[in-house]
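Results of the structural survey
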Amino acid sequence: MKPNLSDIDNSSCYGTNTTRFPHSMVTWSLTRLTLVWLFFVSIPYLYYYYPVPLFQSNFPPNQTIILQQSLAISTSNHSLTPSLPIPENTKFNHIVFGIASTSELWHHRKNYVKLWWKPEKMRGVVWLDKPVKKETDDHLLPPVRISHFNMSEFEYRNPKGDRSAIRLTRIVSEMLKLQSTKGVRWFVMGDDDTFFVPDNLLRVLSKYDHGQYYYIGSVSESHLQNIRFSYQMAYGGAGFAISYPLAQALAKMQDRCIKRYPALYGSDDRIHACMSELGVPLTKEPGFHRFFDVHGNVFGLLTAHPVAPLVSIITALQKLSDPIRLDSAALIQQSICYDRSTKWTVSVSWGYAVQIFQEILKPRDIEIPSRTFLHWYRASDPRGYAFNTRAASSRNTCQNPFVYYLSSAFYDTIRNRTASEYVIHQGPNSDCNWDMPNPALIYRVKVYEKPDEHLWDKKKFCKVLPRKDKFTLLVEVGVCRDGEVIEFG
């Protein structure tokens, strides 16, 4: 019943006066409210006893069924695993390397490639801009190919870069045309001065499903460079990996993609731009290292390497060849321990260097890289790095470490483990007046370590062994057992 507006008192809403409604209008309002309340209360009961869809799904019928089934499986039994066969670990014949170089640099840079290339096991191509003269050592290196495509089709407008970036960007597409695709799982890109640790590369790639789209690499050590380019871009100098299905998808659209980015600087940011168009994010692996965007001594970075296999570095370190041969999984992995009798802190970066601190330092402090290097703009401002850093030295000479570099590494058949020796390289001034033992007498550190290919999957420890003479510190490196922690006290 429609109320009669003349029955409504037009008095003020405030004070003692109130607006009055006729009885018929109140009855109608109560009835309507009751019906609405009953409707909403009845919905859960109807859905519980008659489980029909009250709302239409936006999925097609077959996708809705699949979704419901997958939800039912995941909630009813969390231990269920896919019935798909587990693929065998990645081997060298599953990888094709694409090495970027130029005819001008290859004669010199090929010596870097020799340090890690295994011609009897590996597949790959060195891509040049012009033919080069054949040499007697060619059989020790990947075959050389010349990039053939119409460069004039692609515009390049970056005033600080080089047009060769377009050629290097297309290496993946070029390799798909040349190489037999049988058994290929990954394409790995690198520069002619990128030093790969091959076994560690296999360990990293074996973690991923090569049948899916994967773009694997690492960002720059320079925060400023990552801001300029992207924190989601794999830097080419460190090397990066692309799964085979992703390489196929990239090749189909890469030329069109490149033409959309004429103002970009290099090949790696063009690759990243195309990955963004394909909707594939960067999978970051901390073992890929560029080191090109920092200046000076990278000692601080190498001695505080994260618990991950060292996959690549931009400059070859020939001194690492013996440790790589003995136990590549442990290479540069950091272990921290204490000499309780002297109250020293010992940090071992296996296969590279040892540091002895004349005080007790916490692991969380030693794990932070010391600033022995400068960032992109040749300054040591900690805000210029993409990670935490600490001061490389202290005004108090007692707090500066004694540094020992690797001198030799071999396999000790008696102890059934590796033995590596590190000799003094740098020690603080001897004017430390702390009333405690001084490491100045220690000339050599000898480290024993049992190889373990999964060493970087676990937390490492080291233990200072009883000394046989006052000039040599003996250390054992291993994996923490259950319940063991790195602590002093």
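Attention here is on the structure that accompanies the text. (Residues numbered from 1 in each chain as written. Predicted model: local features only at pLDDT ≥ 70, side-chain atom pairs only at ≥ 80, totals over all residues. Heavy atoms only, no water.)

**Thoughts on the pattern of salt bridges**
Under the criterion given, the structure shown has 16 salt bridges. Between Lys118 and Asp199 there is a salt bridge, with its nearest N and O atoms 3.9 Å apart. Of this pair, Lys118 sits in the loop between helix 3 (106-114) and strand 2 (123-128) while Asp199 sits in helix 6 (residues 198-205), placing them 81 residues apart in sequence. Residue classification places Asp199 among the partly exposed residues on the basis of a relative accessible area of 28%. Its salt-bridge partner being Lys463, residue Glu476 comes within 3.9 Å of it at the nearest N-O pair. With Glu476 in strand 19 (residues 472-479) and Lys463 in strand 18 (residues 460-464), this residue pair connects regions lying 13 residues apart in the sequence. Here the salt bridges do not stand alone but share partners, grouping Arg109, Asp192 and Asp193 into one network. (Salt bridge = Lys/Arg side-chain N within 4 Å of Asp/Glu carboxyl O. Helix = DSSP H or I, 4+ residues; strand = E, 2+ residues; numbered from the N terminus. Buried < 20%, exposed > 50% of the residue type's maximum accessible area, 1.4 Å probe, protein only.)

**A short note on a nonpolar patch on the surface**
A contiguous nonpolar surface patch, about 310 Å² in accessible area, is contributed by Leu441, Tyr443 and Phe471. Counting through the fold element by element, Tyr443 comes out in the loop between strand 16 (417-426) and strand 17 (444-449). Residue classification places Tyr443 among the partly exposed residues on the basis of a relative accessible area of 43%. (Patch = residues over 30% accessible without salt bridge, like charges linked within 9 Å, V, L, I, M, F, W, Y side chains within 5 Å. Areas by Shrake-Rupley, 256 points an atom, 1.4 Å probe, with all protein chains shown as cover.)

**Observations concerning the sheet that holds strand 13 (residues 353-357)**
Overall, mixed pairing links the 8 strands, which are arranged 11-12-13-15-16-17-19-18 in an open sheet. Two strands in the sheet have a free side with no partner beyond their single neighbour: strand 11 (334-339) and strand 18. Neighbour to neighbour, the strand axes of the sheet diverge by 25 degrees on average, direction disregarded. Examined bridge by bridge, strand 17 and strand 19 share 6 bridges and lie parallel to one another. When the bridges of strand 19 are listed, Glu449 appears paired with Val477. (Pairing = 2+ DSSP bridges. Axes fitted to C-alpha atoms, helices over the stretch in contact; angles between N-to-C directions.)

**What about the state of the cysteines?**
Summed over all chains, the structure comprises 3 disulfides. Residue Cys257 pairs covalently with Cys274 via a disulfide, S to S 2.2 Å. Every disulfide takes its handedness from the sign of the S-S torsion; for Cys257 and Cys274 that torsion is -110 degrees, giving left-handed. Of the two residues, Cys257 is situated in helix 8 (residues 244-259) and Cys274 in helix 9 (residues 267-278); the sequence distance between them amounts to 17 residues. The side chain of Cys398 participates in a disulfide bridge whose partner is Cys432; the two sulfur atoms lie 1.9 Å from each other. One disulfide, between Cys398 and Cys432, carries an S-S torsion of 115 degrees and so falls in the right-handed class. In this pair, Cys398 is assigned in the loop between strand 14 (373-374) and strand 15 (402-412) and Cys432 in the loop between strand 16 and strand 17, connecting sequence segments 34 residues apart. Taken as a pair, Cys398 and Cys432 share a single burial class, namely buried. What links to what in the chain: the bonded cysteines, counted in sequence order, pair as 1-2, 3-6, 4-5. (Disulfide = S-S within 2.5 Å.)

**Examining the packing of aromatic side chains**
According to the stated counting rule, one finds 14 aromatic pairs in the structure shown. A ring pair is formed by Phe97 and Trp117, whose centres lie 5.8 Å apart and whose planes are at 75 degrees; its orientation type is edge-to-face. Of this pair, Phe97 sits in strand 1 (residues 95-100) while Trp117 sits in the loop between helix 3 and strand 2, and the two are 20 residues apart along the sequence. The exposure classification of Phe97 matches that of Trp117, with both residues buried. Positioned above the aromatic ring of Phe154 is the side chain of Lys259, whose terminal nitrogen or guanidinium carbon lies 5.6 Å from the ring centre. We note Arg415 situated over the ring of Tyr448; from NZ or CZ to the ring centre the distance is 3.9 Å. (Phe/Tyr/Trp six-rings, centres within 6.5 Å; stacked < 30°, edge-to-face > 60°. Lys NZ or Arg CZ within 6 Å of the ring centre and 35° of its normal.)

**Side note on the packing of helix 8 against helix 9**
Packing of helix 8 against helix 9 leaves a shortest axis separation of 10 Å and a crossing angle of 110 degrees. The angle between helix 8 and helix 9 places the two elements in the roughly perpendicular class. As helix 8 runs across helix 9, the sense of the crossing is right-handed. Contacts between helix 8 and helix 9 involve Leu246, Ala249, Leu250, Met253, Gln254, Cys257 and Ile258 from the former and Arg270, Ile271, Ala273, Cys274, Met275, Glu277 and Leu278 from the latter. Residue classes in the contact of helix 8 with helix 9 are distributed as 11 nonpolar, 1 polar and 2 charged. (Parallel < 35°, antiparallel > 145°, perpendicular 65-115°, else oblique. Left-handed = near helix turned anticlockwise from the far one by under 90°. Contact = heavy atoms within 4.5 Å. Nonpolar A, V, L, I, M, F, W, Y, C, P; charged D, E, K, R; others polar.)

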